[in-house]
Amino acid sequence: GVHRQILFTTLGWFVGYQLVKRAEYIYAKVDRELFEYIRHHPVDFHAATEKKRIGELSEDFHPIR
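Here we summarise the structure given alongside this text.

Each value, and the rule that gives it
- Residues numbered from 1 in each chain as written.
- Predicted model: local features only at pLDDT ≥ 70, side-chain atom pairs only at ≥ 80, totals over all residues.
- Heavy atoms only, no water.
- Phe/Tyr/Trp six-rings, centres within 6.5 Å; stacked < 30°, edge-to-face > 60°.
- Helix = DSSP H or I, 4+ residues; strand = E, 2+ residues; numbered from the N terminus.
- Buried < 20%, exposed > 50% of the residue type's maximum accessible area, 1.4 Å probe, protein only.
- Salt bridge = Lys/Arg side-chain N within 4 Å of Asp/Glu carboxyl O.
- Patch = residues over 30% accessible without salt bridge, like charges linked within 9 Å, V, L, I, M, F, W, Y side chains within 5 Å.
- Areas by Shrake-Rupley, 256 points an atom, 1.4 Å probe, with all protein chains shown as cover.

**Things to note about the packing of aromatic side chains**
Next, step 1: Overall, the coordinates contain two aromatic pairs when judged by the stated rule.
Next, step 2: Taken together, a centroid distance of 5.4 Å and an interplanar angle of 10° make the contact between Trp-13 and Tyr-17 stacked. On the criterion of helical spacing, the pair formed by Trp-13 and Tyr-17 is a turn pair, its members being four residues apart in helix H1 (residues 2–40).
Next, step 3: Assessed through its relative accessible area of 42%, Tyr-17 is described here as partly exposed.
Next, step 4: Arranged with centres 6.0 Å apart and planes meeting at 85°, the rings of Tyr-37 and Phe-45 form a pair that is edge-to-face.

Next up, the structure:
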């Protein structure tokens, strides 16, 4: 009946809330570790001094026949 629908809806909401909360925690933990690594190794992550155009990033096109 209706009481089961309310129960399962509440249970689904609670499980979903906990899963989202855990996923956000894991992503925050990974972000914290990556930013800490970047902070300790600035040489590996130097800022780009010159911006490149999209044509400079892609390879030249040579058709195959």
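Having seen the structure, we can now continue with the description.
**Points about the pattern of salt bridges**
Side chains carrying opposite charge are able to pair once their charged atoms draw close together.
Next, step 1: Tallied over the entire structure, the rule returns one salt bridge.
Next, step 2: One salt bridge in this structure joins Glu-36 and Arg-39, with 2.7 Å as the shortest N-O distance. Here the residue Glu-36 and the residue Arg-39 both occupy positions in helix H1, the gap between them amounting to three residues, near one helical turn.
Next, step 3: We classify Glu-36 as partly exposed; its relative accessible area is 34%.

**Considering a nonpolar patch on the surface**
Next, step 1: Together, Leu-7, Phe-8, Leu-11, Trp-13, Phe-14, Val-15, Tyr-17 and Leu-19 make up an exposed nonpolar region whose accessible area comes to about 890 Å².
Next, step 2: Tracing the sequence through the fold places Val-15 in helix H1.
Next, step 3: Classification of Val-15 as partly exposed rests on a relative accessible area of 41%.

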